[in-house]
Amino acid sequence: MKTSIFASVVAYEDPDVWETVTSLIGQAMDPIRVAIVLQGDDYEQTARDMRELPNTHVLRIPRKAARGVGWARHLAQTYYEGEEFYYQTDSHANFHDEWDVALIDMMDSIGKPTVISTYPRSRECYKPDEVTVIEPTFFGDAGLMGRCQDYPGDTFGYEMIPARLIGGGHLFAPGSFVVDVPHDPQMYFAGEEFAMTLRAWTHGYHLAHPRKTVCCHLYDIEHRRRQHWDDHADWGERDARSKERVAMLTGWPRKMSLHTLGAYGLGKKRTLRSYEDYAGVRIKAKEFTDDPTWRTLDVDAIAHRTEAMK
Amino acid sequence: MTAEVFAAVAAYNDPDVVPTVHSLIDNAGARVRVAVMLQMDDGAITDGLVSLPQVDLIRIDPQDSQGCCWARSIALSMYEDEPWYLQCDAHMRFESDWVAKLKAQSALVQPRSVMTTYALALGDEAEDAYGAMFPYEWGDDGPHCAGGSYRTEVFGGKPIPARCWSGHFAWAPGAYLREVPYDPQLYFSGEEFSTALRAWTRGWDLWHPAAWICSHRYGRVSHRSCHWDDNDWDFRDRLCKARVANIYGWPQPGEVPAGPLGVYGLGTERSLEDFEEWSGLDIKGKRYIPDPIWRDVMKGITPFSDDLFVTKDKDFAPDENAIMQPVDGEE
């Protein structure tokens, strides 16, 4: 049957991916189609088991051939087949009942093509009556960085909670996002989210945070998760090329001579300047401004929010 | 990043990938990096490739494959900003110093150029001819091209303009890969002509090189299977045809929706109409247009006559009426 959500889950030597995928499928109200990219050497059995789950595609990449999270997300997107919605998560998440309906409702109430994303809270920190905003905090060499900031759920009185940054670990978008703003296979890790933010914005997508929490992040409490850079001595080179790509998007000084960004560059529907005005930043100068337009989307809500912050 | 050329090869249960990759590397005469996407049951056959320093290899179970174009898109995802890109099939052999020969051909034309052709058949190469592609009929996936060849004097040492693109032999500056990324949703039929259009409308010219670069094993050998032998491919095929129909401006062919095209659609540097006028292929009308620009260009290169075509195999014989004479299209 035709499913309306195509979901992407990518993992690197992460045992929690099984719980993530079964929760993702099990807690959805309607069938979804899921592409799972497993990078690692201990996934043979997991891959076999996952193939038995309904509507799954499993791509198992040996540890040696793994190229990091940006590439893995690019691979997962190759399984997209025109579904109405795209959902992307990390390999360590836990989903609330009927998460799919909640996200589709959010999209419907916004009523325009929007990337709805955030950094999900852990099970321990999760409060159902709060919303998590990614608050831009500083410019690093991989772009504008943000941190989580929780607000009471009623802080934002309007249908959309505007976002200035995209979070890659919990992202819901129209399916067209997969082909309009496909993952650049050469992005490594740092810079992926800021590059996505700028590309999504200039391709005409609106940016929002979810009004309702539909998943929790599983943080590695007992042991640190194995990462791509633990096993690959050449990760620094990949990281440098990612950061160079951010410089190509932002106009920052370049260190390498890379080819054009091509399909992985900015869109033509909006300018970078309009993002700067919206988010309250000056990218080239790496500065923040006082009068971002995202605040003016709903003046009453902002006043409410300012109260809440005190 | 030390390699000069990034080469991408996808193989489906095809042991010929091993001599192909060796031939590619051994005859390059330049530093190459080869991305190999293996969809193989038997990993032992290809163990030797894994240890080659020039090779980045992924092997997956054939049952996880979504088909030819999908596998090619994954091989191409391993590109790392090398100056040049080559894509080829897993059953080919390369001539010595093929990199230098291709670079020399590329140097004769504008930088935004793709060298592509149906390579001559392995074991049946002609000393005095180079491979070329000849549109000869209209299919439900676009114009179909036959492989054939022109005598070398047609080329005069220079590439000749091409109206088609070949999935088993394409060479371009690496930037091409970023501008015309491979659509993983395509299956097989329709891939080549839609890619030609996408490249051309993004400002890339297509050429057949005036050099013997490689040979291709057409047809099947006994121990090779294809994706469509082992998998349910009907949906992917229909999805592919719906997507290329969208690119051509044709009505949707069936129940499977094309979905959004995004970066996998046409470019905006040149239009589809520009291509029709240039190539003489009236895509919307599925017919040939008299006296296209392409024909004038070819006339300027050589005075045409029948004996300039070399065909070894009657099945691949180009219909010179389709090439030289304007005729009404047939379906």
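To start, this report covers the structure provided alongside it.

1. Some remarks on the interface of chain A and chain B
- Listed per partner, the contact involves 36 residues of chain A and 40 residues of chain B.
- Looking at the side of chain A facing chain B, the largest losses of area belong to A:Glu81, A:Val179 and A:His259, adding up to 21% of the total buried there.
- Our enumeration of links across chain A and chain B arrives at nine salt bridges.
- In this assembly, chain A and chain B are joined by 18 residue pairs in polar contact (both at pLDDT 80 or more).
- Mapped by element, the contributors of at least two residues to the side of chain A that touches chain B are β3 (56-61), α3 (69-77), α5 (176-180) and α8 (235-250) of chain A.
- With five residues, β3(A) is the single largest residue contributor to the side of chain A that touches chain B.
- Grouping the constituent residues of the side of chain A that touches chain B by class yields 15 nonpolar, nine polar and 12 charged.

2. Quick look at empty space enclosed by the protein
- A complete count under the given rule lists 11 cavities of 30 Å³ or more for this structure.
- Considering only enclosed or pocket space, the largest cavity measures out at about 250 Å³ in volume.
- Residue lining of the largest cavity: 21 residues in total, with A:His74, A:Pro185, A:Tyr264, B:Pro181 and B:Tyr182 positioned closest to the centre.
- The residue makeup of the lining of the largest cavity, split by class, is 13 nonpolar, seven polar and one charged.
- Taken as a whole, the second largest cavity holds about 130 Å³ of empty space.

3. A closer look at helix α3 (residues 68-76) of chain B
- Counting buried positions over the nine residues of α3(B) gives eight, a clear majority of the element.
- Among the residues of α3(B), B:Cys69, B:Trp70, B:Ala71, B:Arg72, B:Ser73, B:Ile74, B:Ala75 and B:Leu76 are the ones counted as buried.

4. Remarks on unusual backbone geometry
- Positioned with a positive phi, A:Glu98 is a non-glycine residue whose angle comes to about 60 degrees.
- If you trace the backbone, A:Glu98 turns up in the loop between β5 (93-95) and α4 (99-110).

5. Examining the nonpolar core
- A:Phe177, A:Tyr275 and B:Tyr176 are the most contacted members of the largest nonpolar core, which has 109 residues in total.
- Sequence-distant contacts of A:Phe177, that is, excluding residues within four places in its chain, are made with A:Tyr86, A:Val115, A:Leu171, A:Pro182, A:Met196, A:Ala200 and A:Tyr205.

6. A few points about the packing of helix α6 (residues 192-202) of chain A against helix α9 (residues 272-279) of chain A
Residue and element names in this part refer to chain A.
- Relative orientation of the contacting elements α6 and α9 amounts to 110 degrees, with a least axis distance of 9 Å. Accordingly, the angle class assigned to the pair α6 and α9 is roughly perpendicular. Between α6 and α9 lies a crossing of right-handed hand. Here α6 contributes Phe194, Thr197, Leu198, Trp201 and Thr202 to the contact with α9, which in turn contributes Leu272, Ser274, Tyr275 and Tyr278.

7. Re the packing of aromatic side chains
- As enumerated under the stated definition, the model contains 35 aromatic pairs over all chains in all.
- Their ring planes at 25 degrees and their centres at 5.2 Å tell us that A:Phe85 and A:Phe172 sit as a pair that is stacked. Taken together, the positions of A:Phe85 in strand β4 (residues 85-89) and A:Phe172 in strand β10 (residues 170-174) put the pair 87 residues apart, joining distant regions of the chain. As far as the burial class goes, A:Phe85 and A:Phe172 line up, both buried.
- Between B:Trp84 and B:Trp171, the aromatic rings sit 4.8 Å apart at their centres with planes inclined by 10 degrees, giving stacked as the arrangement. Of this pair, B:Trp84 sits in strand β4 (residues 84-88) while B:Trp171 is found in strand β11 (residues 169-173), placing the two residues 87 residues apart along the sequence.
- Of the residues examined, B:Trp171 reaches a relative accessible area of 0% and is grouped as buried.
- Each member of the aromatic cluster is reached from another via a ring pair, and the members are B:Phe193, B:Trp200, B:Tyr248, B:Trp250, B:Phe275 and B:Trp278.
- Lying across the ring of A:Trp252, A:Lys286 places its NZ or CZ 4.1 Å from the centre.
- Between the NZ or CZ atom of B:Arg270 and the centre of the ring of B:Trp200, over which it lies, the distance is 3.9 Å.

8. Re the pairing of strand β12 (residues 205-208) of chain B
All names here are of chain B.
- Because side chains alternate across β12, one face comprises the buried residues Asp205 and Trp207, and the other comprises Leu206 and His208, equally buried.
- Sheet topology places strand β6 (residues 113-116) next to β12; three bridges connect them, and they run parallel. Across the sheet, residue serine 113 finds its bridge partner in β12, namely aspartate 205.
- In terms of strand pairing, strand β10 (residues 160-161) meets β12 through two bridges, oriented antiparallel. Paired with isoleucine 160 across the strands is histidine 208, a residue of β12.

9. Topic: the packing of helix α7 (residues 191-201) of chain B against helix α10 (residues 272-279) of chain B
Residue and element names in this part refer to chain B.
- Running from N to C, α7 and α10 cross one another at 105 degrees; their axes reach a closest spacing of 10 Å. Between α7 and α10, the interaxial angle falls into the category roughly perpendicular. Counting all contacts with α7, which are made through Phe193, Leu197, Trp200 and Thr201, the residues of α10 involved are Leu272, Asp274, Phe275 and Trp278.
- For the contact of α7 with α10, the residue count by class is six nonpolar, one polar and one charged.

10. Let's talk about the pattern of salt bridges
- A full pass over the atoms with the stated rule returns 45 salt bridges over all chains.
- Residues A:Arg241 and A:Glu237 are paired through a salt bridge, measuring 3.1 Å at the closest nitrogen-oxygen approach. Placement of the pair is A:Arg241 and A:Glu237 together in helix α8, with a separation of four residues, close to one helical turn.
- With a relative accessible area of 38%, A:Glu237 lands in the partly exposed category.
- Between B:Arg151 and B:Asp128 there is a salt bridge; the shortest N-O distance is 3.0 Å. Pair noted here: B:Arg151 is in strand β9 (residues 142-151) and B:Asp128 is in the loop between β7 (120-121) and β8 (129-139), with a separation of 23 residues, a long-range link.
- B:Arg151 sits in the partly exposed class, given a relative accessible area of 25%.
- The partly exposed category is assigned to B:Asp128, whose relative accessible area is 35%.
- Taken together, the shared-partner salt bridges in this structure form one network comprising A:Arg67, A:Asp234, A:Glu237, A:Arg238, A:Arg241, B:Arg33, B:Asp56, B:Glu80 and B:Glu82.

Calculation notes
- Residues numbered from 1 in each chain as written.
- Chains lettered and ligands numbered in written order.
- Predicted model: local features only at pLDDT ≥ 70, side-chain atom pairs only at ≥ 80, totals over all residues.
- Heavy atoms only, no water.
- Contact = heavy atoms within 4.5 Å.
- Buried area = accessible area lost by both parts, 1.4 Å probe.
- Salt bridge = Lys/Arg side-chain N within 4 Å of Asp/Glu carboxyl O.
- Polar contact = N/O pair within 3.5 Å; in protein donor to acceptor, adjacent residues only side chain to side chain.
- Helix = DSSP H or I, 4+ residues; strand = E, 2+ residues; numbered from the N terminus.
- Nonpolar A, V, L, I, M, F, W, Y, C, P; charged D, E, K, R; others polar.
- 1 Å grid on protein atoms, 1.4 Å probe; cavity = no way out; pocket = protein on both sides within 12 Å on 5 of 7 lines; lining within 4 Å.
- Points joined across faces, edges and corners; volume = space filled by probe spheres on them.
- Buried < 20%, exposed > 50% of the residue type's maximum accessible area, 1.4 Å probe, protein only.
- Core = buried A, V, L, I, M, F, W, Y, C linked by side-chain atoms within 4.5 Å.
- Axes fitted to C-alpha atoms, helices over the stretch in contact; angles between N-to-C directions.
- Parallel < 35°, antiparallel > 145°, perpendicular 65-115°, else oblique.
- Left-handed = near helix turned anticlockwise from the far one by under 90°.
- Phe/Tyr/Trp six-rings, centres within 6.5 Å; stacked < 30°, edge-to-face > 60°.
- Lys NZ or Arg CZ within 6 Å of the ring centre and 35° of its normal.
- Pairing = 2+ DSSP bridges.

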